Structures are given as C-alpha cells and as structure tokens.
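Here is how the chains run, residue by residue.
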Amino acid sequence: MALDTDLVQDQNHWGGGSRPLEARYGKLMMWFFLLSDALTFSGFLTAYGLMRFKYESTWPIAENVFTHFPGLEGDQPLLYVALMTFILIMSSVTMVLAVNAGEKMNRKAVTNWMLWTIVGGFIFVGSQAWEWYHFIMGDSGAIETSRQEILHVYNAEGERLSFSQLVHGMEEGHASNHGETFSKAEVLSSLEKNKDYYMKEPGKLGEAFSHQQSLDFLASGDVVQGANMIHNEYGRKQFANFFFFITGFHGFHVFSGVIINFIIFYNVLLGTYERRGHYRMVEKVGLYWHFVDLVWVFVFTFFYLV
Amino acid sequence: MAEQVGTWWIWKVFWILLIITGVEVILGIIKPEFLLGAFLGTSILNIIFIILTLVKAGYIVQIFMHVKYEKKALKYALYLPSLILIPYLTFILLTEGTYLFT
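Residues numbered from 1 in each chain as written. Chains lettered and ligands numbered in written order. Predicted model: local features only at pLDDT ≥ 70, side-chain atom pairs only at ≥ 80, totals over all residues. Heavy atoms only, no water.

A. Geometry of the nonpolar core. All names here are of chain A. Membership of the largest hydrophobic core comes to 90 residues, with the highest contact counts inside it found for Phe 135 and Val 282. Each residue touching Phe 135, except ones within four places of it in the same chain, is listed here: Val 65, Phe 66, Gly 226, Ala 227, Tyr 234, Phe 239, Ala 240, Phe 243 and Phe 244. Listed in part, the 15 residues of the second largest apolar core include Ile 143, Leu 151, Leu 166 and Phe 182. (Core = buried A, V, L, I, M, F, W, Y, C linked by side-chain atoms within 4.5 Å. Buried < 20%, exposed > 50% of the residue type's maximum accessible area, 1.4 Å probe, protein only. Contact = heavy atoms within 4.5 Å.)

B. Summary view of the domain arrangement of chain B. All names here are of chain B. Each assigned domain of chain B is listed with its residue range as follows: domain 1 (1-69) and domain 2 (71-102). Along the contact surface separating domain 1 from domain 2 lie zero salt bridges. The tally of links between domain 1 and domain 2 comes to two residue pairs in polar contact (both at pLDDT 80 or more). The residue makeup of the side of domain 1 that touches domain 2, split by class, is three nonpolar, one polar and one charged. (Domains from an automatic or database assignment. Salt bridge = Lys/Arg side-chain N within 4 Å of Asp/Glu carboxyl O. Polar contact = N/O pair within 3.5 Å; in protein donor to acceptor, adjacent residues only side chain to side chain. Nonpolar A, V, L, I, M, F, W, Y, C, P; charged D, E, K, R; others polar.)

C. Local environment of the packing of helix 11 (residues 280-305) of chain A against helix 1 (residues 8-30) of chain B. Relative to each other, helix 11 of chain A and helix 1 of chain B sit at 5°, their axes nearing to 12 Å. Looking at the two axes, helix 11 of chain A sits roughly parallel to helix 1 of chain B. Contact residues: Phe300(A), Thr301(A) and Leu305(A) in helix 11 of chain A; Thr21(B), Glu24(B), Val25(B) and Gly28(B) in helix 1 of chain B. Classifying every residue of the contact of helix 11 of chain A with helix 1 of chain B gives three nonpolar, three polar and one charged. (Axes fitted to C-alpha atoms, helices over the stretch in contact; angles between N-to-C directions. Helix = DSSP H or I, 4+ residues; strand = E, 2+ residues; numbered from the N terminus. Parallel < 35°, antiparallel > 145°, perpendicular 65-115°, else oblique.)

D. Local environment of the interface of chain A and chain B. At the junction of the two partners, chain A supplies 47 residues and chain B supplies 45 residues. Taking both sides of the interface into account, the surface hidden between chain A and chain B amounts to around 4,200 Å²; carbon and sulfur atoms contribute 79%. At the junction of chain A and chain B, the tally comes to three residue pairs in polar contact (both at pLDDT 80 or more). Where the side of chain A that touches chain B is concerned, the elements lending two or more residues are helix 2 (25-54), helix 4 (79-103) and helix 11 of chain A. With 16 residues, the single largest contributor to the side of chain A that touches chain B is helix 2 of chain A. Grouping the amino acids of the side of chain A that touches chain B by side-chain chemistry returns 31 nonpolar, nine polar and seven charged. (Buried area = accessible area lost by both parts, 1.4 Å probe.)

E. How the structure looks around the packing of aromatic side chains. Residues and elements named next belong to chain A. Summed over all chains, the structure comprises 38 aromatic pairs over all chains. Between Tyr 48 and Trp 59 the ring centres are 5.7 Å apart and the planes differ by 75°, which places this aromatic pair in the edge-to-face class. Of this pair, Tyr 48 sits in helix 2 while Trp 59 sits in the loop between helix 2 and helix 3 (62-65), placing them 11 residues apart in sequence. Assessed through its relative accessible area of 3%, Tyr 48 is described here as buried. (Phe/Tyr/Trp six-rings, centres within 6.5 Å; stacked < 30°, edge-to-face > 60°.)

F. Representation of the domain arrangement of chain A within the structure. Residue and element names in this part refer to chain A. Splitting chain A by domain gives domain 1 (31-137 + 237-305) and domain 2 (142-224). Put simply, the middle of domain 1 and the middle of domain 2, counted by C-alpha atoms, are 36 Å apart. The partner domain 2 presents seven residues to the seven residues of domain 1 that form the contact. Summing both partners gives a buried area of about 610 Å² for domain 1 against domain 2, and 57% of it is carried by carbon and sulfur. Of all residues in domain 1, the largest losses of buried area upon contact with domain 2 belong to Ser 57, Thr 58 and Ile 61, amounting jointly to 56% of the total for that side. In this structure, the connection of domain 1 to domain 2 is made through one salt bridge. Between Glu 56 and Lys 204 there is a salt bridge; the shortest N-O distance is 3.3 Å. Tallied by class, the residues present in the side of domain 1 that touches domain 2 amount to three nonpolar, two polar and two charged.

In structure tokens, the structure reads:
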C-alpha cells in the first residue's frame, strides 16, 4: 500500500504542486534566515572563545563583573542574569501558547498571549539596558599600566578594594564607587599611605605585584573607571568589546523581535488573520522569537557561566 | 504534523527549561570544588554547563520551534548545515587559534 501511494506522489512531482518539505514558503524563508543568523552568532561566540583562550590566565571572571541586582546590596553573582533568562524563557512560552491558540483560530487567546510576549520582550530589553548602564558606569575602578594591562587593588587580607575604599576608608558603603570619580593623584597618595596594599591582575591566574611595583605601575599608568570600547576596569579591552558586541547584537534582535511581535499583535487586533483564515504569521514571528531565546541560552552559558 | 492535545506539553518544556537553568545558576554560584578538575581542555563543570545548554537548546528547537514534527527533509535541511558548520568553526578556531601563542 505504502509503495503505491509513494508511486502516485512521485508521478505528481512533475506536474508541480508537490510540497516535499510540507512547509510553506514564508516559514521556510524564516528558517533559512534563522540558520544564517545562527551561523553569524556562532561566529561571534567562537571568536569570543578564541580571545578568551588566548588570554585565559587574566580573562575577567564574569561573576566578579556582573554582581548587581536591583534593590540588593553587595555581591549577587548570576542572580540578575538568571532573572533575565527566566523572563526570556517565559516570553518564549507565551509565544508558543499564542501559536497554539492561532492553530485553533482562537483570536482572543492569541491576542492575550501575544501581549504577554511583548511585555516579556520589553522587560528583557529594559533589563539589558540596566545591565549595560552598570557595566559602563563601573564599580571598583582599576589601574591601567603603560602597557595597557589592567590591575586591581587588594589589601593585606586579599580583599579586592574599590577606589572608594582606598581613598575614603574601609567603612561600610564604600564597597562600590557609586559614580564618584577619582583622580590618579588621589589614588596614588592613598596607595602610598597603605604600605600593605598591592595590585593583582584580574582572572583566575592573575599575577600579584609588590607594593612598590604597584606604585610604579600607577605612576607610569593611569586610573580607569567604568567601561567603553577602549578602556575598561574589568580587564582586557576585548572583554568589554565582546560584551558590547554580542549582547548588543542579541539585544538588537530582541528589540526588533518586540517590534515585529507588536506589528503582528496589531494585525491580530485588526482581525487581519481572522479574515485570512489562518494565523501562520504568528507562527513565523514565533520562530524568530524562539530563536532569540535560543541564542540567549548560548550567550548566558558562554558569557556568564563558563 | 502531529497535533498535541491541550497545552500541557508547553508547560512541561517550560518546567524542564526552568529547572535546567536553576541547576546551572546554582552550580555557577557554588562552583563545587570536585567539579573544577581539568577535563578536555577545560573543567568538568564547564563541560556540564555546555551539555545542559545543548539540552535546553534541543528542547527549544525541537518542541518550541516545532522541528520535531516537521518532515525529515526539512529536519535535515536545518540540522545538517548547523551541526556540521558550527562544530567545524569552533574546532578550527579553538585548535588552530593556539598559533596565536607562538
């Protein structure tokens, strides 16, 4: 039996109208776009891996960089990014629910779930902006030597000190610089006073330098606070560059995804797909949205966890 | 296209993704000492992270993006290029890239 039907289908191939992939044009094109986009992102992430392997010993440890959580004081490694991941997974779930409701031609449910998806996307983009803000503003400050290497200040107990702690003292509330700018002269004179303070490179195997060496490094170098494409206080400048580039490119995808979602949502409200008789547009935009979530899963692992 | 009844299968995948992410975050915060040994050029913990990530990616692609229920030809059209080219690129960059040291 099976053979017979195969044969019949085979004959029809030459008459046109056969659909070997059983997927419509729009969906296929979305898939091929996503495939090329996946290759683009894998190019970025492997380039990141390459640089990281090259500078393995002094590469900044993500947990020491992304430590903020809104409303909480002190070190909160991974918590914020875990929340962002949760938001994106959640909005992916509401997207599947929208697609599912679309297959059943349930306009009210599609409207509802699309709206939640858009809300989730907005919260994610906002969270990313918040994280960028803290990354750019910086936290503890660092010294950049004349050879463009980043050094952090430590006390005799091996605790990393912020410029605020170095200049104003170890009292509570100085663990972060809180946006205060410190001059090279201020930091230098405070470092001279505390003979047991020293400097160390970031990363797992960063080298430590003596007090005198540290003073020399600062005298011939400069202070860095915050991050941009040229300097950053966390370590190698490639770290900040890749952070801006990869999370920025992903954030751009999320942002455009939110806009496309909104256009589709608006059309659902207008009843466009009800008149068309199917909700395949929701399925297509859903693929894009899941892809954004998929990329984030990898960015989360390779940027924040590993 | 196999039709699933109701929405329970969506929530099942949601819980799986959530639990895997939770495990990753907990492992990332405590970083158990016994998992930090060297293994395949990195630590055992990192290998665990990568495996968990691939499991999550699998669920998103297979269930959320519906590939599990597509025709075999479409599955191959999507999986073959990505599963050949991405590991190839990673392999080339991370091994050949060691020349950067010399």
